[in-house]
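What follows is each chain in one-letter form.
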Amino acid sequence: MRMMNLQARIGSALKSKQWKGLGPLLKEIGFADRKRALITLQSLHQQKELKRALPRLLSLCAESPDPDRALDGFESVASAPGSVLSSLLPDERALGILVTAFALSPYFTTLLVRDPQILRWLFCEGGINTHREEADHRAALQAFAEPIQDLGDLWSKLRRFKQREILRIGLRDLGGTAPFPEVAQELSDLASACLELAYRYCYTTLCAEYGRPPVPDARQGVEPCGFVVLGMGLLVVNHLQA
């Protein structure tokens, strides 16, 4: 009921375009920088697809942990070249998750500004509903990265895949879809999959150029040398849970 009344009050103020009169209302619902919020609202109001959704958007921002940051984040992503954010407005769940993300994570906002098409994959193609086991991460990364042209191409694809997956995992966390143990496990599995692909590509490339490095073996003579990747941080979640 409170949100419906709030939306009605915001809608009435926006319909009359009395921007200065919106200042006290913005202060009442939790905006700290009313002047900046008004400028952002005017910018969003000029976009036809967003105009009708502004009362609902403002009420969601008011319910978020940081209304100012939530509104700024929404405007940044909505204005990014190639943005599909306006197409998600009818999706209440998507809008609620995104407003929370904009309020809590400038990093998530930055990722979506850089590549707003990720929103289509997340909310239109089911990415947000996907849970991956470790083998799923490896298979998804392999499909995403192939074919690998060179080392620079690999780094670029690893970075883009990691950012996409961190968004998926993080938004599932913020949206209440995934419990914390699942979130921690997925982050660990993602890190493991990225390291494994990087290791396999680099090791194969170096062996093709220089041959496999030998190591003396007291029993069998010379054996091919192994390779160790020492993972810390997110990779140790399995050991912490053991």
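Refer to the structure printed above.
Bear in mind that the values here come from a model prediction, so they are computed numbers and not experimental data.

Engineer: A description of helix α10 (residues 134-145) should follow, citing residues and the corresponding values.
Structural biologist: Look at α10: 17 Å from first C-alpha to last across twelve residues, which is about the 16 Å you get at 1.5 Å a residue. Of all the residues in α10, the buried ones are His137, Ala140, Leu141 and Ala145. Seen end-on, α10 carries its buried residues on one side only, within an arc spanning 120°. Among the exposed residues of α10, those oriented more than 90 degrees off its buried face are Ala135, Ala139 and Ala143.

Engineer: Outline the packing of helix α3 (residues 34-45) against helix α5 (residues 54-63), listing residues and values.
Structural biologist: The N-to-C vectors of α3 and α5 enclose an angle of 145°; their axes lie 11 Å apart at closest approach. For the crossing formed where α3 meets α5, the hand is right-handed. Residue-level contacts link Leu41, Leu44 and His45 of α3 to Leu54, Leu57 and Leu58 of α5. Of the residues in the contact of α3 with α5, the class split is five nonpolar, one polar and no charged.

Engineer: Could you give me a rundown of the packing of helix α7 (residues 92-104) against helix α8 (residues 106-114), with the residues and numbers involved?
Structural biologist: Between α7 and α8, whose axes approach to 5 Å, the crossing angle comes to 115°. Mapping the contact onto sequence places Leu98, Ala101, Phe102 and Leu104 in α7 and Pro106, Phe108, Thr109 and Leu112 in α8. Among the residues forming the contact of α7 with α8, the class breakdown is seven nonpolar, one polar and no charged.

Calculation notes
- Each residue is numbered by its place in its chain's sequence as written, counting from 1.
- Where totals are concerned, whole chains, interfaces and linings use all residues; where local detail is concerned, this predicted model gives features only for residues with pLDDT of at least 70, and gives and counts side-chain atom pairs only at 80 or more.
- Only hydrogens and water are removed before side-chain values are computed, so all heavy atoms of the structure are retained for them.
- Only DSSP runs of H or I with at least four residues qualify as helices, and only runs of E with at least two residues qualify as strands; both kinds are numbered from the N terminus onward.
- How far a helix is expected to stretch is found by multiplying one less than its residue total by 1.5 Å.
- Type-normalised accessible area, obtained with a 1.4 Å probe on protein chains alone, sets the label of each residue: buried when under 20%, exposed when over 50%, and partly exposed for intermediate values.
- Read the arc as the range of directions from the helix axis to the C-beta atoms.
- Working convention: axes come from line fits to C-alpha atoms, limited for helices to the stretch in contact. Angles between N-to-C directions cover 0 to 180 degrees.
- Handedness of a crossing follows from how the near helix is turned relative to the far one, being left-handed for an anticlockwise turn of less than a right angle and right-handed for a clockwise one.
- Contacts: residue pairs with any heavy atoms within 4.5 Å of one another.
- All residues other than Ala, Val, Leu, Ile, Met, Phe, Trp, Tyr, Cys, Pro, Asp, Glu, Lys and Arg, Gly among them, are scored as polar; the first ten of these are nonpolar and the last four charged.

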